[in-house]
Structure formats: C-alpha cells, structure tokens
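Architecture and fold: a report
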Amino acid sequence: MADAPKLVNITVNGKKTTAPAGTLLIEACKQIGIEVPSFCYYPGLSLQGACRMCLVEIEKMPKLQTACTTPVAEGMVVNTESEKVVQSRKAMLEIVLANHPLDCPVCDAGGECELQDMTYTYGAAESKFIDIKSHRDEQQWSPVVFFDRPRCILCYRCVRVCGEGMDVWALGVQNRGQGSVIAPNKQDHLECEECGMCIDICPVGALTSGSYRYKTRPWEMNHVGTVCTHCGDGCLTTVGVRRSDTGMEIVRCDNRDKSGINGDFLCVKGRYAFDFAANQERITQPLIKRDGKFVPATWTQAIELVADKFKQVVQKDGPQAIGVIGSNRTTNEENYLLQKFARLVLGTNNIDHHRTADFPAFAKAISENKARTASMRDVFEAPAVLLIGNDPTEQHPLLAWQIRNNVRLHRSKFYIVNSQAIKLRRQATQFVQIPTGAEARFVDFLSGNDAAAGTLTQAGASNENLSQLRDALKGEQNLVVIFGSELRGADISALVKFAAPQNAKFICLGDYANSRGAADMGLFPDLLPGYATFAGAARYQQEWGADVPALVGMDLKQMFGAARDGKLKALYVVGSNPVSRYALDPFVLQAPFVVVQDMFMTETAIAADVILPAAFAYEKSGTFTSTCGDLQMLRKAGDVVSVKSDFEIVVRIAEKMGYDVRKLVPFGKGLRADMGQSRGAQSGEADRHSVWLQARGLEPKVSPFDPLATLDEIQRLIPGYDVSQINLVSGNDEHTQLVQIQNASIPSHPELVVPSNDTLFTSGTLGRYSTVLNSVMERRATGKEVAAD
Amino acid sequence: MAYLVSHPDEVKVISSRFGKGAADIDRYLELDGYKAVQMALQMGSEAVINEVKASNLRGRGGAGFPTGMKWSFVPKESAKPKYVLCNGDESEPGTCKDRLIFEHDPHAVIEGAMIAAIAVNAHKAYIYIRGEYRYLLEIMQKSIADVYARGFAGKNIFGSGYDLDVYWHGGAGAYEVGEESALMESLEGKRGVPRIRPPFPAVVGLWGGPTVINNAETLASVPHIIMMGGQKYADIGTPKNGGTRLFCLSGHLEKPGVYELPMGYNLKKMIYEVGGGISNGRKLKAVVPGGSSTPVLTADEIDIAMDFDSVAKAGSMLGSGGVVVIDDATCIVKFALRTMQFYRHESCGWCIPCREGTDWLNKTLTRFHAGGGLAKDIDNIRYLAENMLGRTFCPLGDAAAMPTIGFVKKFREEFEAHLEGKPCPFEKHGAISQLPVMSH
Amino acid sequence: MNFSDQLEARFADMLGHYPTKRSVLVPFLLYTQDELGYLTDEAIEEIAQRLDLTALEVRNVISYYSMLRTRPAGKYNVQVCTNICCLLRGGEEILEHARKKLGVAVNKGISEDGVFSVEEVECIGACSWAPAMQVNYDFHENLTEAKVDEILESYRKKAQQ
Ligand SMILES: Cc1cc2nc3c(=O)[nH]c(=O)nc-3n(C[C@H](O)[C@H](O)[C@H](O)COP(=O)(O)O)c2cc1C
Ligand code: SF4
Ligand code: SF4
Ligand code: SF4
Ligand code: FES
Ligand code: FES
C-alpha cells in the first residue's frame, strides 16, 4: 500500500477542515457539506473547467478560481458564498440561459434537470436577454439516442463518459464558438455501444432516450430500485413505473441511484431492454393444450390440472418419472423453492438448469484452496486483474467498465489471455493471444508445465511473452483473477491453485442474471444448496423436516434421454428454454406431460401441455446473486395483473398437490415478515394478495409468498450467504463467499456447460422480444471497432 | 508582400536586416547571423538567461511577461523532453509585425529559438506559423533546410556537442490558437482549446514536457541581445521595458506601417509624427493601442509612453503592438460591433461565459447598431462584459470583454445616439455583414 | 486512397518531426485540402486511419479551423478582411464590391464559371496595409475597388489558361 497522502489544512467559509493533499477543492467542500455548483465537473472524468459555475474566492488570488480544477493547498482560505461568488454564479446562469430554450414544461428532462435546479437555487429571476435564440431541430442519432442541440450547455460530460468511461469515443465536439456542437461519430448518426451513458450523464434535456422520451414526466412515475434482469453482472437499475390498464407499466430504466455496484454504469440492456415486458406476444394467460392447440384457461384450472398430473405421475410412475428444470433468471428464493419442491413435494432429485459456467468446479477449487471470490467492487479497486477467456465488453459490460476504469483511474495492471483480440486489450498491460480453445493449456503452462507453451504460440504470443506474463503474475499480490466458461473442471482448480498463494480473489463468469444463484441454490441432480453433496444431507433434512431423496437425479440431458425412452412422464420447466439452448429434439417432449412457466412461446413452450405465464425480475421481489457472488435484492416495480411470480406458482401447485405449504415456505417461522416487498407498493396487487390471505385465514403480514422468509432459510443453510439482510433490504449489495460446508468432493460436469453466447445486444429469449435491442441490431452495420482517441 | 517604411525616430534592431535579403542564409551570415547562437553555446544556459533578464525583454506576444524570468521557470531536470515553441500565429487584429520578421529575417527567429533552447537545455524547437501565412511558411521551410544543410541544426551543432532540432509547423486558421496552451494543443494535432493551468507550459507543456513559448518577435530580439549585451539593449527602452518593438500603425493615418521604435515612445508622437497624422485631414477620435483586445483610449488620453507599465497605468495595455487609429467620422458602436464579431467568431467555444457571452454581445450590438437598441441594453452590455471579465477559461474572454467595457465607458453618448430607432449618426453603411459561426 | 507523390513525401517528412503521429494533423489537412480542393470523406477516412484516429476526431479538428473545409470552394477563394483596421479603410466596401463583381454570395457558393468564391475573413495580418485580401494564399493589400477589379481579372485569366 502506498503511503496515505499528507493532510492539508484549509478553511472554507470560516470552517476549518483538512483534506488529503491533491484533493480537488470542490470535493473537499463536499466533504464538509458545502455544495459548490458545477456542470462540467464529474467525479471520475477528466477535468474541464468549462462551465465556470464553480468559481469561488480564494484568498490571495485576485481572480475567482474554479473549485473543480484547484487542488487544496496548505493554508488555503476559501469563500464559496461571498457576494462576488454569488453574483458570478447568477451571471453565469443568466449567460447560459440566454440561448437556452426556456420551455421546461415540454422538455424531457423537466423535473430532473440540473440547469433547472441550479437556476432555482442560484439564478436570477428575470432575463436580460431579449434577442432571438438559436433554434435547431432535434435529431435522432440511434434507436435510443436523440439530441436536441439548443438544450445542450456543452459540459462535455457525454463526450467524456463515452470516450474515457466506455472507450467508445463515439461523441465529439465540432465547430467552435457559438457554433460548437456535440457530434456523433457517423456524421448524422451514431454507431456505438448504445449504452445510453451519455443520456444519463447529460445534466439537461439535450440527450434523450429513444425509449422514454416524451412518454411521461419524472414526477408521474414511481421509481423502484432493483437489479437488472440481463447479464450476470448485477447492475442496480431504477425502474420508472406508472399505472396502466393492466397493472404497472415500466416506462424506463436508468441508474439514478449511483450507489450500486455499477456506480454510473448501465449498458444498453439494463437501460433499454425492459420493453419485452409489454411485448404483444407475451403470454399473459395460462394456456392448456387441447387437441394440439393452446386454449386460454383460468389460473385455477391450470394449477389444478398441473397438480393433478404431477400427483398422478408420482403415484403411478414414481418420483423418478418426473423432472424439473430451473432457471437462470428467477430469484434465489424461487430457485431454492423449486429444488425444494422437486425434492420434497415431488420426491425427486431430477432437477437441473442450463449451466453456463462450471460453478461446482469453481466452488470446489475455492474451498480446496481456501481462496476467496472477488466482488464486482473488488474489480474496480484491485491493483491487478487477470482475465482469461470471455469478452466482457460483449458479455459482461459492467465488468468491462470496472476493469477499464480501474486501469484509467487507479493505474491498475491488467493482463489478458484470450483467443480473440477483444476490445479490452486496449487497456491491457499485457495482452497474450492464444489459439482458440487453448485456455486450459495456458493454465497448465501457468502451473509450471513449460512444455505447454509450445502449443500456445500459434496465435501471436511468443514463448517470451508467455514467460513474461507468468513471471509478472507471480509477482502480483491481491490479484483478481477472472475467467470465462472456457475454463472448467480441473482447469479451474489448477488456476486457483496457481494464484491463491498471492492472496488472489476469483471470479467465474456465468451468463444470465442469476446463473450463479441457480447454481448456489442447488439446481443440480447431485448437489444440494451451497454445493453440498448428498452425504451432507442431514443438515437439510433437519431444516426441512423432511427427507432428501437418496438417489442422485438425472441431469438435463439425461431427462431428455429418459423422455425419449418413455421413462420420463412429466417435465416441469421453469423459465428456461433447454430445447433451444442444448439443441435438443422437441419431439421427445410429446409423450411426457410438460409444464412450462415462461413469458414467451419459446421452442420449449411450444412443446408444453400447460403454459403458466410468469412474472419476470422487475415484477417481483427476491434476491439475485451476480456472477461474482454479489447478493442483491429485487424490488417489485412493474405489474401485469394476469401473470404470477414463479414463487407463487410453485407454492400454489404444491398446495394443490396437498402439500403443507408451511413446510415449503417457512413463513412466520423466522424473524421477518413480508412488509410489502413482494407486492408492488402501488399496484392493485396488494389487494389481491390480502384477499387471498384472508380467504385462507392468514395474517396479511406473514405470507407464504414472502421471499424474505425463504431468504432466512437460505441464509441458515448456506454459510456464505450469511450476510446482513438489513443491508440487502436497504438496496445494498453484499458479497457472498463460497464457504465450504463439508469435505466431500464436489462433482462437476464440464460437458453440461453451454455458454449462451449472448452479445452486448442480445439477451436470450428476453432479448428476442425486445424491440429496442432488435432495432439497435438492425441499425448496426459491420460493428467495426473504432480506434481510441 | 508586406511593405517597408521608415522614420528617423526608428531604432532598428529587429528590423536592422529588413530589406537586405537576409532570408538568404549567406546574406544572413554576412549580417552577423548565427554568431549569437555560438556565443550562447559558449556562455551556457545560466549566463544566457541572465543576459536576457538584464535586457528587460518582455514578451511581444501581448502579455509582456519578462522573457528571462519565463525561461528560468523551466525545471533544470526533467524526465520528459523539453521544448521551445515559437508563437507565430499572429492573429490579433491590428498586428502584422511577425509577418515582416518571417519575411525579411526568418533566420533571426530560428536563431532566437535556438538560443532559447540552449538557455533551457531543450533539444527541439518548433516554429508555428499561422495557416494564412503560407508564403512565410515556405520561407521558413527553406530557411530550416538551409540551416540543416550548414550543420547549424541537428546533431552536434557548431561542433559544440549540443544536439538541436528545429521544425516548422503550420496552422489552419484560428486566432485562439495563438493562446499558448491552445497553441500546444494545435501543434499536437488537436482542436485549439486551451489547457487548464496550472500546470503552466514551462512545467508541463508539449507532450507533457517543459516548454518555453515565445512570440516570434520576442525570439527574434534575442540574438541581438546576446550580441549587444543585455544592458545595452535594456538602455534603449524605459525601466523594466527593455529595447525596441515593432509598432504596427494602422487605421486612419497618413502613413500607416510597421515602425521599430524604442519602448516608451510617446503615443501622440507615434500618431502625429511617425504615422503622419490623421488621414483625410480629419480629427482623432480614439486609439486602440495594442491590438483589438486592448481597451480604447480617447483622443485626450494619448500623451503616454508606449511601454507595458505606462499603458497599463493609462487603463489599457501595450498588447501586441497594434496601434489602431480611429478618426472622428467613425462610429464607435460599429467599431465595437466589428470587434465583438471577431471574438464571437474566434471564441473556441469551450467555456460558457466566452462562448455565450460573445454571442449575446454580438447579437445585442448588431441590433443596437441597426437602430433597435433599448436604453437598458447599454448597461446590459457592460454588465455582461464585466461578468465575463476574469471568469473565462482563457484570456480570450477578457480580450472580448475589456475593449467592450472601454467602448461603453468612454463613448456612452455614441451608444445613446443610436437609441430609439435613430439611424447610426455616422453611417453610410448598412447592416453589418455577419461571418458565419464555424460550422461545416 | 492515393495522394500525390509530393503529398506523400510531405507526410513522410512531417511524421518524423513529432513524438506523436497525430501532431501532423493540422498542417497536413491543409496540404491535403490544397491538393483536393476540400477535405473529402475519403481523405478524412484515409488520414484518420494513417494517424490512428477516428474519422470523428479528424472531423472535430477540421471543423475547428476556419481555413479547413469539407465542401468545395472556387478555384480562387477571395478572402476579404473586414476586421477593424480594414473596416476603417473600406474593407466592407471592398467585400461588397468583390461579391457584386463575381456574383456570388459571401461565404456561400461558387461563381457560375466555377472560378471564384468569396469569403469574409478575420484579420489576415495586413493591418498596416489595409484594406487587404487574400486570394488563396496570395496577399493583396492597400486595395481600392479598381485594384480589386484588376486583381480578379488577372485570376480569371489565369483560370482560363
Ligand atoms: C486569445 C489569445 C491569442 C493570442 N495570440 C497570440 C499570437 O497570435 N501570437 C503571440 O505571440 N501570442 C499570442 N498570445 C499570447 C500567448 O498566449 C503567449 O502569451 C505568448 O505567445 C508568449 O510569448 P511572449 O512572452 O514572447 O509574448 C495570445 C493570447 C491570447 C489569450
Ligand atoms: S450510447 Fe454509450 S456508446 Fe453510444 S454515444 Fe452514448 S455513451 Fe457513447
Ligand atoms: S449533450 Fe448534455 S452531456 Fe453532452 S455536452 Fe451537451 S449538455 Fe453536456
Ligand atoms: S475564454 Fe473560453 S471559450 Fe473563450 S476562447 Fe478561452 S476557453 Fe475558449
Ligand atoms: S464545474 Fe468547475 S468549471 Fe465546470
Ligand atoms: S484587420 Fe484586416 S488585415 Fe488586420
């Protein structure tokens, strides 16, 4: 650790304080609660000194000075509220407003505009300017980015966040003087990563979002902080919802709450790809197949049918004749509940999910080497990062942002080993290109097998490069090691073994919002929650008050095999599309009774006998575990009246099957009760919910649909999950650890790992039904990489 | 080609080789060229700086910063290469002196830049010439080639063991690029937007290395200082204002032209004797004493010494040496408007007060001059200019504000004469034409 | 795209002057413009690629400098200064005269014969010899309307050769 910088004494508005030498005056003021207004200053981006809003008086300096560019110095005496300063601010606002269209009532940023706020706080009441203002028509730069030039105050935040932050450099400044204008990279349109960061960071209404603009006013929405439903990085996103005919409509997503692990960041999916929720093709009614055709049914009919059939199969063909496939997109509580449902209600271990990373092998490697996992926050702070495989820019946009900005702001070292010249190489201290599929051999080389080097040099890397890299890595303490699904099984162990002695932390990259959660919650035929083998079942039986079936179940492929062989009589697929993901033959699903819980008519759903329309992440509460192991709470934002959360559906099926739901969901058992988390705070659902509870003679505050009660149970059973629930409820992230529960060897099945191969603009089924993502992809030409500044 | 003039009061130092074919290297050598640089090599860094300090040479680019002191700010040790950058962007309206130097004595600039490099122990010097001066750039390119051909530049110059490269660089039309930090940006291939200071160029300049930036005339004076000795040079001028400078006399004069006069020469004399008095038998109304950025002086404020300190005391600035003489048939509002039109066109646009302020002032003055002025406009113009002053990112904002304040303050009655739809009392002209704001 | 040998030589020479490639940008753009008449999309892409810049960044720079253009001008671009010193000595009248004479709007368009365009420019450093103008890079000073006629005529002749 470097020495902490020396503290200097300064006085601001008569208040004495200290700040580390080098701190910018504006930040030092902030720390003692003194707000210095600013437009162009943005923490973490380069300094501009362009807006002149932050001018303050510093003793012994004749001119006012910009607080955003002046570092504190010993003995500095500052006045941020002197008459001169106040007057200057007022004038600066007058000057910027001279050419600004003062039509706030129709501006998209009205109510969330820093210029508006600033004018309210510091501004002048009347305008001295009477000449004609310049007008330009608004321009559409991409499906999601619109530009309204007269509103732009040229703070250059957009240019910097796109260049410095995103390393896309798609925005520039053109012309000069009064003609200065922000310009997109393709003259009249943008070709970029469409992250919308520029829109988010724009202090005024100059850059607006294609999907949100002019839809509503900020104050007409409710803003609900939740976790993104797309990739495994776990960005916090704020969902803006408003009442609609069918519940609560999602109007936008953004990151107004910058306290999340993503800070300022959100990618195109997190920001825009919520529109699938309102897609016309969304299934909003239970469907039952009759004579080869789906016909709408009531929930009661559908649940009864499913419960009856499941019961029949279990009784007639035995629990081994039924299989359950879980989801990478449902909450931890739902996943946990689902495996419990399979094991206790159905009595089978035939449960699996679409695996996008070898998390069991990772858990094994971590526990065997007493190593730790790294959080998303660690990636931004680590002194060095090693990335093997994967292309985070495409598949883990937040991770890419963290790495990039760690390199930029903290000068961290960054090593890449990849078979492709991925974009992040531009930040790399060393980039070593190896042949496709050679990641495991590279690990072998790291572990000391010099002979492996020979097979690694065909793609450009030399023996020398490789040795250099290995030596460099050996010298890196507190390294964060990140690897993609290229590494599986024993290779993961070898890698962890190599780096663990240097106090390294690790991240194993999986593909969907909760793939890590699905694995942690035990959606495996041979593993219980927390990667426990059946040898350790006793703890679970004790908690559950029921026996865990002894027999190891069938994995996903085996289930399809059994279906083909006529041995599988029923299949329950929750939020998953195995037919497409594993390229399986849907024909084999004709014989068994298939229930699919989903939002859309997927390749798997087509083969179903019953389809139960499910709510998705933004329409329910619960927790997600990011691919790093960061646990966060979802809050219900949107609401579609006629669909139900997977949690509720599972409980209802269990209830209809005659199972005591109190054994399934420990509501009322722990300390917590549903205080409204599972219900949209503003929707009609609260009423529906309490009607249901009252009909069953239950108290409204303890509910079987309460995911927090299940979280209690998860926390009791999985040691690494024992984190502060208060913190989670307050919207913070808590890093979980893969803590060893037992000494048994954890089985891993590398062959079952099938990466999703999603890109920045795709997101499995959800992406297919996102109009915004589709239009972005259509507009995108070759996707040629652009050079840096 | 620029025309040469002369007057008995002139003291020819910088202009001593004008009209003598010194652009030719042989001729330059005959006229004592490249002796000073060899002396400098002998003297060593510190002695050169001391000599320049003793000369009281102050920057001819406009700010009048003591040159020797500027050089002494360059750190002795630097991990990054150091540079000398000659500012030949000459774009301040009223200024056309560097042009003469580049045309008639280009080697003096090269030699001055070399001496500056030796003084701060830099091994690379760049000579930046504005894009419009293409013929001068060509002269410079040839001169530099000649210097290399003689072995005066490059490795081991004059057998001294000292390596020194000299390069030319051309602009492409931008006044703001004359501002020293914008100049560096431009040289680095960027938009001419100034840099945040501190750090100052002497510490962090071109490509991050310490950089000395001097005006072409400043540098061209240096070989003479080395040759004649700092004290002797200082003695030509007034205290703290050493030597001579090229004054560019323009406007309503009988004999406009560029004259080399000692620092401290009387302005009134400059106008009536050197410049031959007001043309067409008219009377003097006002003088802009140091280029368009400097506040106007009225006819009765001109009995002053033309050195940095005296002009400052009179409430204006010596600036870049552009003396613009305005007769009594001229409309000051129109003059103020044309001045503002320039700054609006040349503002880099980076900071709010300059970008928006110049536009606002230009709009108001345009309307005002066209007869649409309101009484409150006069105060608003002043209010706006005063609020730009000292608050912009770089001094261009000040350069726009200062003269404006001066015009309103000193010629308020002319502004008032335009009020209430009255046509401009001086006008034969119609509405002023408008340069387009930069856009492609 | 191909540049002339001369321009290529210039480029190669200039690259050697600086520690970073992009430093050649501003003067090189002007030289390219001299050769092509204006900075074409193709030239912008080419220069961007040579200097490891985005075309956007090159455009950002081009649009900053008033001499650089992305649209054609006349073979002879008549640039009349109307700044203060020229203003005092009839610069506006000279501009108006040239405009009328050539029948083109200021800062817009090219004369019918394709030979001339007229631009109003800021101070060109001829203040002591005002009023002044530049035709392409040539200075013409101490102008009168008659002198302007003569000068324009000589360029017209040159254009016909
Ligand atoms: C807007 C603006 C334009 C300037 N233009 C020029 C110029 O064209 N030539 C010049 O030498 N200095 C110009 N300067 C001054 C330079 O910033 C700098 O002070 C000067 O080159 C330093 O050289 P000196 O100390 O030899 O005068 C300008 C300054 C400003 C603020
Ligand atoms: S959407 Fe993102 S990538 Fe595109 S211009 Fe804006 S900040 Fe840059
Ligand atoms: S578009 Fe917005 S963020 Fe970008 S410069 Fe303009 S005001 Fe700032
Ligand atoms: S004052 Fe501001 S806008 Fe004006 S030229 Fe300087 S930096 Fe640019
Ligand atoms: S915040 Fe300091 S100048 Fe903009
Ligand atoms: S004002 Fe016209 S050349 Fe200087």
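Shown above is the structure to which this text applies.
This text gives an overview of the structure that appears in the document. Quick caveat: nothing in here was measured; it's all calculated off a predicted structure.

Examining the overall build of chain B
- The secondary structure content of chain B amounts to 17 helices and 11 strands.
- At 22 Å, chain B has a C-alpha radius of gyration in line with the 22 Å of a compact globule built from 440 residues.
- Overall size of chain B, expressed as C-alpha extent along the three principal axes, is 75 × 45 × 35 Å.
- Of the contacts formed within chain B by residues at least 6 apart in sequence, a portion of 71% connects residues at least 24 apart.
- Per element, the accessible surface of chain B, about 13,600 Å² overall, is 54% carbon and sulfur.
- Measuring between centres, the 48 positive side-chain charges of chain B sit 2 Å from its 50 negative side-chain charges.

Regarding the interface of chain C and chain A
- With 13 residues of chain C in contact, the opposing surface of chain A contributes 16 residues.
- For the pair chain C and chain A, the two sides together bury roughly 1,000 Å², of which 49% comes from carbon and sulfur.
- Applying the counting criterion to the chain C and chain A interface returns 0 salt bridges.
- Among the elements that take part in the side of chain C that touches chain A, helix α4 (residues 55-64) of chain C stands out by supplying 6 residues, more than any other.
- Tallied by class, residues from the side of chain C that touches chain A come to 4 nonpolar, 4 polar and 5 charged.

Re the sheet that holds strand β28 (residues 630-634) of chain A
Residue and element names in this part refer to chain A.
- If you walk across this open sheet you meet the 3 strands as β27-β28-β30, and the pairing is antiparallel. The outermost strands of the open sheet, each flanked by one partner alone, are β27 (622-625) and β30 (734-735).
- Relative to β30, β28 runs antiparallel, the two sharing 2 bridges. Bridged to Leu-631 within β30 is Glu-734.
- Where helix α8 (residues 332-346) meets the sheet, it contacts β27 and β28, and its direction lies at approximately 95 degrees from that of β27.

Details of the site of ligand 1
All names here are of chain B.
- The environment of ligand 1 is made up of 19 residues, and the closest members are Gly-61, Asn-87, Asn-214, Asn-215 and Thr-218.
- Separating an oxygen atom of ligand 1 from a side-chain N or O atom of Lys-70 is a distance of 2.9 Å.
- At 2.8 Å from an oxygen atom of ligand 1 is found a side-chain nitrogen or oxygen belonging to Asn-214.
- Within the complex, 91% of the 610 Å² of free accessible area of ligand 1 lies under protein.
- Sort the elements by how many residues they give to the shell around ligand 1 and strand β4 (residues 211-215) lands first, with 3 residues.
- Of the residues contributing to the shell around ligand 1, the split by class is 4 nonpolar, 8 polar and 7 charged.

Re the sheet that holds strand β1 (residues 76-81) of chain C
Residue and element names in this part refer to chain C.
- Judged by pairing direction, the sheet is mixed, and its 4 strands sit side by side in the order β2-β1-β3-β4 without closing on themselves. The strands lining the two open edges of the sheet, one partner per strand, are β2 (116-121) and β4 (138-140). The mean inter-strand angle of the sheet, taken between neighbouring strand axes irrespective of direction, is 25 degrees.
- Sheet topology note: the β1/β2 ladder contains 6 bridges and is parallel. In the strand pairing of β2, Val-78 is matched with Val-118.

Some thoughts on the packing of helix α2 (residues 36-43) of chain B against helix α6 (residues 106-120) of chain B
All names here are of chain B.
- Interaxial distance between α2 and α6 falls to 9 Å at its minimum, and their mutual angle equals 5 degrees. By the angle between their axes, α2 is roughly parallel relative to α6. Contacts between α2 and α6 pair Ala-36, Val-37, Ala-40 and Leu-41 from the former with Glu-111, Met-114, Ile-115 and Ile-118 from the latter.
- Class assignment for the residues of the contact of α2 with α6 results in 7 nonpolar, no polar and 1 charged.

Observations concerning unusual backbone geometry
- For the peptide bond that leads from B:Arg197 to B:Pro198, omega is -5 degrees, which places it in the cis range.
- Omega for the bond connecting C:Ala130 with C:Pro131 falls within 30 degrees of zero, at -5 degrees, which places this linkage in the cis form.
- Examined against the element boundaries, C:Pro131 turns out to sit in the loop between β2 and β3 (133-135).
- Located in the positive-phi region is A:Asp291, a residue other than glycine, with phi close to 50 degrees.
- Mapped onto the secondary structure, A:Asp291 falls in the loop between β14 (287-290) and β15 (293-296).

Criteria and thresholds
Residues numbered from 1 in each chain as written. Chains lettered and ligands numbered in written order. Predicted model: local features only at pLDDT ≥ 70, side-chain atom pairs only at ≥ 80, totals over all residues. Heavy atoms only, no water. Helix = DSSP H or I, 4+ residues; strand = E, 2+ residues; numbered from the N terminus. Rg over C-alpha atoms; globule rule 2.2 N^0.38 Å. Contact = heavy atoms within 4.5 Å. Areas by Shrake-Rupley, 256 points an atom, 1.4 Å probe, with all protein chains shown as cover. Lys, Arg positive; Asp, Glu negative; His and termini not counted. Charge placed at Lys NZ, Arg CZ, Asp CG, Glu CD. Buried area = accessible area lost by both parts, 1.4 Å probe. Salt bridge = Lys/Arg side-chain N within 4 Å of Asp/Glu carboxyl O. Nonpolar A, V, L, I, M, F, W, Y, C, P; charged D, E, K, R; others polar. Pairing = 2+ DSSP bridges. Axes fitted to C-alpha atoms, helices over the stretch in contact; angles between N-to-C directions. Near = heavy atom within 4 Å. Polar contact = N/O pair within 3.5 Å; in protein donor to acceptor, adjacent residues only side chain to side chain. Parallel < 35°, antiparallel > 145°, perpendicular 65-115°, else oblique.

Read these as geometric descriptors, not functional statements.
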